[in-house]
Amino acid sequence: MAALRVGQSLAPRTARRLALLSFVLPLLLWSAVSYIPFVWHPLILITDPGDVDYFQPGMRMDRADFRTEVAHAVAAHKPVPQGVPANPIYLPPPHAVFLALFTAFATPPATQDGNWLHESLWHSIQVIFWGFVISSILGVPLGILCGAYAPISKLSEPFVEFFRYLPAPAFGALAVSILGIYDGPKIAIIVIGTFFQQVLIIANTTRKLDFSLVEAALTLGTDQRRMLTRVVIPAILPDLYRDQRILLGWAWTYLIVAELIGTTSGITWFITQQARYQHFPNVYAGIAMIGIIGFGTDALLGLLARRLFPWERSIAAQFGASTA
Amino acid sequence: MTLPGYLDLAPDVRARFERLKARDVILQVEHLTKQFETRAGRTLALNDISFTTHRREFLCIVGPSGCGKSTLVRILAGLDRQSAGAVLLAGKPVTGPGADRGMVFQGYTLFPWLTVKRNVMFGLEMNNHGRAEAEREALQWLDLIGLGRYAEAYPHQLSGGMKQRVAIARALANQPRILLMDEPFSALDAQTRARMQSYLLEIWRKIDITIVFITHDLDEAIFLADRILVLKANPGEVAELIEVPVPRPRHPRQFAGPEFRATKDRLEALIHPPALGDDADAYPEMPRLTNVADEVE
Ligand SMILES: Nc1ncnc2c1ncn2[C@@H]1O[C@H](COP(=O)(O)OP(=O)(O)OP(=O)(O)O)[C@@H](O)[C@H]1O
Ligand SMILES: [Mg+2]
């Protein structure tokens, strides 16, 4: 492999291959641990209990304990228990998880008042959506105003800066007592987790605006009101959009904590239920689902950016492979 | 051969200056002073600058780096406030930026999110012209600068020279009284710059505009200007106001002409005064840093 060089740019094909590899490598590692018997496999999965009374088929035993029991059986000339090396139940092999990604949707809810997986997911998406929208309705304008006007910045940013160190989950109990046990407090946690970062990030983005554009607009007779709507906002829009994508990712990271507050709901409910019954492939499938939705949304938003901001070269470069 | 004095004007040039001075005064700068207060202390950037510019005059401002050229033009544009003195535009004091003074900057300041056409329309829309009218005028301007084909292109698709042409059109579309230009061509390569200079003179001839043009390129100043305001540094003061004796219409051929060379010599003398004392000051003794015995000269 060629030596790494700072600022080196890659051929589109190499870039695509490396991107694919970034998924394939962890998958290979997981497969190796799962399928190659002598890699890890600290337990024995019992296939035939032999004469050991507490053994049962499908049971997972510590290797050492299993060996002791085998030795006893051999010494006593009794039927010897049989088993194969196995990983702990919390590490299912890839194929089980991939299978679970499909079967989980087809499995009816365990209880009468339970939800299908797609219902749980849809519920989570709604919580995220409303949390992010409410945060953005407040945070984006405030961030832009802070970035554009020094007095507004000085008046609000120090407090926002302080507040962002308060962990959003800390407000869980408070949110429940004010907003009840259903979606209210969950959305509130996501708003609290997103809003304060949002104000600061967008204020900074606004401050990075190329001031010579403002001066050029001034010499063209732009008044203060239209300076904001016709120059500042359009100028920062591509960066603002990028910020929003990053912030949406952060909102997802608050989802699980938010859904545990009050009555557990959404994908979190699914995951905790499945973990309780030790359906670990389903647990991983549920977690992976969050990743797939989050990652997929971001990729879609990235593609959309190309349409929205045809003048942005950095966005074009990001997806340069297909435009070139 | 002895050069003619830079003050000796040929009869037709003299007549042109008489006509120029008979026109109204558009810009009047009176005892302009600008002091910057910084943590390090005060800098007197401009000290008691006075001059006047007549309608349709082409005034160039030259001077050593740091003499306050940019500061001066920013005050004229209303982007900075003077510490003392006054700027009068057609008799009225300048108090802030306005559409009556267009400006072209050294850096590229086209709005990247607008097409070329929308960039040129921008000022017209800001000054409450209708959208349709703005569009019609913008297209006329684009034709005038020869970029009609690029109306729907975005600025990042243009070369540097094309960007500056659009920037000129954008400033002129507002029909300002005066066009301020701060080293607008200094980022361009030599050929493009020469072409832009000819373009600018062509535009200037066709429309009723007074141009104040800052440059550090003396050839450029002589080629473009009716008069050249020479500033000196520390503090920025007027060194001299030169009436350029080179006849119009200007042509690059004139660079070798006697009037041109006389003017340039005078500018050189003003801007790079001969070093005081002997040359030792200018070229301090330098240690030899090579081991190769071979002499290059
Ligand atoms: N915003 C500012 N704050 C403090 N000092 C400044 C500021 N702007 C300019 N100056 C000082 O004023 C003086 C004139 O600067 P100016 O940029 O006007 O020079 P200039 O003639 O345009 O130089 P150049 O040819 O390099 O562009 C310099 O000494 C500079 O340090
Ligand atoms: Mg300057």
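Treat the numbers as computed from the prediction; the structure is a model and nothing was measured. (Residues numbered from 1 in each chain as written. Chains lettered and ligands numbered in written order. Predicted model: local features only at pLDDT ≥ 70, side-chain atom pairs only at ≥ 80, totals over all residues. Heavy atoms only, no water.)

### Observations regarding the overall build of chain A
When helices and strands are tallied, chain A shows 14 helices and 3 strands. For 324 residues, the compact-globule formula gives about 20 Å, and the C-alpha radius of gyration of chain A, at 27 Å, lies well above that figure. Its C-alpha atoms give chain A principal-axis dimensions of about 100 × 60 × 35 Å. Every one of the 324 residues in chain A was classed for burial, and the buried ones make up 39%. Across chain A, the fraction of contacts at a sequence separation of at least 24, relative to all contacts at a separation of at least 6, is 68%. With an accessible surface of roughly 18400 Å², chain A has 69% of that area assigned to carbon and sulfur atoms. Counting 22 positive and 19 negative side-chain charges, chain A places the centres of these two groups 13 Å from one another. (Helix = DSSP H or I, 4+ residues; strand = E, 2+ residues; numbered from the N terminus. Rg over C-alpha atoms; globule rule 2.2 N^0.38 Å. Buried < 20%, exposed > 50% of the residue type's maximum accessible area, 1.4 Å probe, protein only. Contact = heavy atoms within 4.5 Å. Areas by Shrake-Rupley, 256 points an atom, 1.4 Å probe, with all protein chains shown as cover. Lys, Arg positive; Asp, Glu negative; His and termini not counted. Charge placed at Lys NZ, Arg CZ, Asp CG, Glu CD.)

### A short note on the overall build of chain B
Per the secondary structure count, chain B includes 8 helices and 10 strands. For 297 residues, the compact-globule estimate of 2.2 N^0.38 gives 19 Å, and chain B sits close to it at 21 Å. For chain B, the spread of C-alpha atoms along the principal axes amounts to about 70 × 50 × 50 Å. Of all 297 residues assigned to chain B, the portion counted as buried reaches 49%. Put simply, 70% of the contacts in chain B that link residues at least 6 apart link residues at least 24 apart. Measuring between centres, the 37 positive side-chain charges of chain B sit 8 Å from its 38 negative side-chain charges.

### Notes on helix α4 (residues 117–148) of chain A
Relative to the 46 Å expected for 32 residues at 1.5 Å per residue, α4(A) spans 45 Å between its end C-alpha atoms, a close match to the ideal helical length. Along α4(A), the helix axis deviates most sharply at S136(A), where the bend reaches about 35°. (Expected span 1.5 Å × (residues − 1). Bend = angle between axes of the 7 residues up to and from the residue.)

### Focus on the site of ligand 1
All names here are of chain B. Near ligand 1, the surroundings consist of F36, T38, T43, A45, S65, G66, C67, G68, K69, S70, T71 and E183. The contact in question runs from an oxygen atom of ligand 1 to an N or O atom on the side chain of S65, over 2.6 Å. Here ligand 1 has 630 Å² of accessible area as a free molecule, and 60% of this is covered by the chains. Among the elements that make up the shell around ligand 1, the one with the highest residue count is helix α2 (residues 69–77) (3 residues). (Near = heavy atom within 4 Å. Polar contact = N/O pair within 3.5 Å; in protein donor to acceptor, adjacent residues only side chain to side chain.)

### Some words on the confidence of the model for chain B
With 94% of its residues at a pLDDT of at least 70, chain B reaches an overall mean of 90. Taken over the whole predicted complex, pTM reads 0.86, whereas the ipTM for its chain interfaces reads 0.89. (pLDDT = per-residue confidence, 0-100.)

### Thoughts on the pairing of strand β1 (residues 25–38) of chain B
Residue and element names in this part refer to chain B. In this sheet, strand β2 (residues 41–54) lies alongside β1 in antiparallel orientation, the contact comprising 10 bridges. Across the sheet, the residue bridging to Q28 is T52, located in β2. Joining the antiparallel neighbours β1 and β2 is a turn of 2 residues. Pairing geometry for β1 and strand β4 (residues 84–89), over 5 bridges, is antiparallel. Note that in β4 the partner of L27 across the bridge is L89. (Pairing = 2+ DSSP bridges.)

### A look at the packing of α4(A) against helix α7 (residues 183–207) of chain A
All names here are of chain A. Running from N to C, α4 and α7 point in directions that differ by 30°, and their axes come no closer than 6 Å. The orientation of α4 with respect to α7, classified from their angle, is roughly parallel. Where α4 crosses over α7, the handedness of that crossing is right-handed. For the contact of α4 with α7, the class distribution of residues is 18 nonpolar, 10 polar and 3 charged. (Axes fitted to C-alpha atoms, helices over the stretch in contact; angles between N-to-C directions. Parallel < 35°, antiparallel > 145°, perpendicular 65-115°, else oblique. Left-handed = near helix turned anticlockwise from the far one by under 90°. Nonpolar A, V, L, I, M, F, W, Y, C, P; charged D, E, K, R; others polar.)

### So, the interface of chain B and chain A
At the junction of the two partners, chain B supplies 27 residues and chain A supplies 18 residues. Roughly 2000 Å² of surface becomes buried between chain B and chain A when both sides are summed, with 64% attributable to carbon and sulfur atoms. For chain B, the biggest contributors to the area lost against chain A are W113(B), M126(B) and H156(B); these three give 35% of the whole. The tally of links from chain B across to chain A stands at 2 salt bridges. Between E125(B) and R230(A) there is a salt bridge; the shortest N-O distance is 2.7 Å. The interface formed by chain B and chain A contains 7 residue pairs in polar contact (both at pLDDT 80 or more). Breaking the side of chain B that touches chain A down by element, the ones donating at least two residues are α2, β6 (101–104), α3 (116–126) and α5 (160–173) of chain B. In terms of residue count, α3(B) provides more of the side of chain B that touches chain A than any other element does, 5 residues in total. Class assignment for the residues of the side of chain B that touches chain A results in 14 nonpolar, 8 polar and 5 charged. (Buried area = accessible area lost by both parts, 1.4 Å probe. Salt bridge = Lys/Arg side-chain N within 4 Å of Asp/Glu carboxyl O.)

### Things to note about a nonpolar patch on the surface
Residues and elements named next belong to chain A. Taken together, the side chains of L10, L18, L20, L21, V24, L25 and L28 present a nonpolar region at the surface, about 640 Å² in accessible area. Tracing the sequence through the fold places L10 in the segment before α1 (12–35). The partly exposed category is assigned to L10, whose relative accessible area is 45%. (Patch = residues over 30% accessible without salt bridge, like charges linked within 9 Å, V, L, I, M, F, W, Y side chains within 5 Å.)

### A short note on the pattern of salt bridges
This model, assessed by the stated rule, comprises 26 salt bridges over all chains. Across the pair R242(A) and E312(A) runs a salt bridge, and its minimum N-O distance is 3.9 Å. Residue R242(A) is found in helix α9 (residues 224–253), and its partner E312(A) is found in the loop between α12 (280–308) and α13 (313–318); the two are separated by 70 residues along the sequence. In this structure E312(A) comes out as buried when scored by relative accessible area, which is 17%. A single salt-bridge network, built from bridges that share partners, covers E215(A), R74(B) and D80(B).

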